[in-house]
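What the coordinates show
So the chains spell out like this:
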Amino acid sequence: MTEPASTPIGFIGLGIMGGPMAANLLKAGYPVVGYDVVPAALEKFTAAGGKAADSVAAVAAESDVVITMLPDSPFVEEVVLGSGGVLEHAKPGLLLIDMSTIRPDTSVAVGTEAASRGVRALDAPVSGGEKGAIDGVLSIMVGGEEEVFAAALPVLEVLGKTIVHVGPAGAGQTVKAANQLVVGGTYALVAEAIVLLEASGVDAGRGLDVLAGGLAGSRILELKRESMVARQFAPGFRIDLHHKDMGIAIAAAREAGVALPMTGLVAQLIASARAQGYGSLDHSVLLKVLENLSGRASTA
Ligand code: NAD
């Protein structure tokens, strides 16, 4: 890859994650052309110095690298494989980095179709949340060919801190599925800890301060304990998206022929959060699901 200033990057999907990621590429000196179906997302992007495009096709036609950061598999299929999509309008040798969290088998299909059109593709989902995206310190798990990974590394290094090539096409998504089951399970247990502490008359904030410094410590306790105790559930990462991710994890387990009972339980708690109308709230809202199970509607 040559210098940032001479490497035009296309960015499709400028939401909670894509918006700050595109802003970081602009700060690093890359010319970035972006597209999102939501006008407000595009306006934020142009305010950060990006050039707005009016279609996926326009982004693809003028980029050496295209990054997609979309909600789910059908969106990636439409934007990348669909008519008017990235592959149809790609320059020869385009580097396509899909950073959305989607099904591993969709990433494999995208990789195969891309290769047949002379496009080099990677699946590169991320972990680290909105804050990680803003700070440019995401963990990035990358599936695809080694030399394509090497070509993408300078761009990925702008977005993340821990960047690992984990295997062939689809492997990045499998690692992300493993990540999501650990994150979901951790939230559920932190929520249970809060329910227990409060029901026992112990100050949950102080209790979690101790947990955060010991073996139970985690990034989730570090970043989210205060907002959970204060019942602030603005996303962040929406329950709807985590529900999607638990479906991916369960499908991957079935495909691999393994039983993941904890994952199944966490998936049901997240499904309950959604059924109770919390789909657009942060996944830390699992606290309300656990409270409701104990008949303890929160007052905060
Ligand atoms: P989001 O809903 O905020 O952003 C997705 C964006 O894609 C939206 O702005 C939407 O308008 C846009 N979009 C949808 N269809 C489009 C199309 N056809 N063309 C152009 N733009 C389109 O979601 P997000 O939280 O940014 O998550 C994006 C992906 O990253 C998801 O796969 C999610 O699972 C994953 N992820 C999110 C987080 C997080 O903390 N939010 C963390 C890690 C991974």
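Residues numbered from 1 in each chain as written. Predicted model: local features only at pLDDT ≥ 70, side-chain atom pairs only at ≥ 80, totals over all residues. Heavy atoms only, no water.

As annotated in an unreviewed UniProt entry, the protein carries the name 2-hydroxy-3-oxopropionate reductase and is attributed to Pseudonocardia aurantiaca.

1. Concerning unusual backbone geometry
Heads up, the rule is: In DSSP terms, a helix is any run of H or I states spanning at least four residues, a strand is any run of E spanning at least two, and both are numbered starting from the N terminus.
With an omega dihedral of 10°, the bond running from proline 235 to glycine 236 counts as a cis peptide bond. Along the chain, glycine 236 falls in the loop between α11 (219-229) and α12 (239-256). Located in the positive-phi region is arginine 231, a residue other than glycine, with phi close to 55°. The topology assignment puts arginine 231 in the loop between α11 and α12.

2. Here we look at the pairing of strand β9 (residues 160-167)
To be explicit about the condition: Pairing between two strands is assigned when DSSP locates at least 2 bridges connecting them. With the strands pointing away from the viewer, any crossover whose connection runs clockwise from the first strand over the helix to the second is right-handed.
As paired strands, strand β8 (residues 138-143) and β9 are joined by 6 bridges and run parallel to one another. Each residue of the ladder has a partner; that of valine 142, found in β9, is histidine 165. Each parallel crossover has a hand, and the one from β8 via helix α8 (residues 146-159) to β9 is right-handed.

3. Remarks on the site of the ligand
Basically, it comes down to this: Any residue with at least one heavy atom within 4 Å of a molecule or strand is counted as near it. Residues adjacent in sequence count toward polar contacts only when both atoms are side-chain atoms; beyond that, a polar contact is any pair of N or O atoms within 3.5 Å, and within protein one must be able to donate a hydrogen and the other to accept it.
Lining the immediate environment of the ligand, one finds 25 residues, of which Met17, Asp36, Leu70, Arg238 and Lys244 sit closest. Take proline 71: an N or O atom from its main chain is 3.0 Å from an oxygen atom of the ligand. Measuring from a nitrogen atom of the ligand, one finds a backbone N or O atom of glycine 236 at 3.4 Å. Put simply, the parts of the chain that give the shell around the ligand at least two residues each are α4 (73-81), α7 (129-135) and α12.

4. Regarding the environment of valine 56
Selection criterion: Residue contacts are defined here by distance: any two heavy atoms, one from each residue, within 4.5 Å place the two residues in contact.
With respect to the helices and strands, the residue valine 56 is situated in helix α3 (residues 56-61). Residues valine 56 and leucine 260 lie 204 residues apart in sequence; the distance between their C-alpha atoms is 38 Å. Leave out the neighbours within four places in its chain, and valine 56 touches Ile12, Tyr35, Val79, Gly84, Gly85 and Val86.

5. Section: the side chain of aspartate 282
Looking at where aspartate 282 falls in the secondary structure, it is placed in the loop between α13 (261-275) and α14 (286-293). Side-chain polar atoms of aspartate 282 contact the side chain of serine 284, separated by 2.6 Å. When residues no more than four places from it in sequence are discounted, the contact partners of aspartate 282 are Tyr187, Lys224, Phe233, Ala234, Pro235, Gly236, Phe237 and Ile239.

6. A short note on the pairing of strand β4 (residues 65-68)
It is a general feature of regular strands that their side chains alternate between the two faces of the sheet. Note the threshold: Throughout, exposure labels follow a simple rule: accessible area from a 1.4 Å probe, protein chains only, divided by the maximum for the residue type, with under 20% read as buried, over 50% as exposed, and the rest as partly exposed.
Burial of β4 is two-sided: the residues Val65 and Ile67 facing one way and the residues Val66 and Thr68 facing the other way are all buried. Pairing analysis gives 4 bridges linking strand β1 (residues 9-12) to β4, with the strands arranged parallel. Within β4, the position partnered with phenylalanine 11 by the bridge is isoleucine 67. Direction of pairing for β4 relative to strand β5 (residues 95-98): parallel, over a ladder of 4 bridges. From the neighbouring strand, isoleucine 67 faces β5, where its bridge partner is isoleucine 97.

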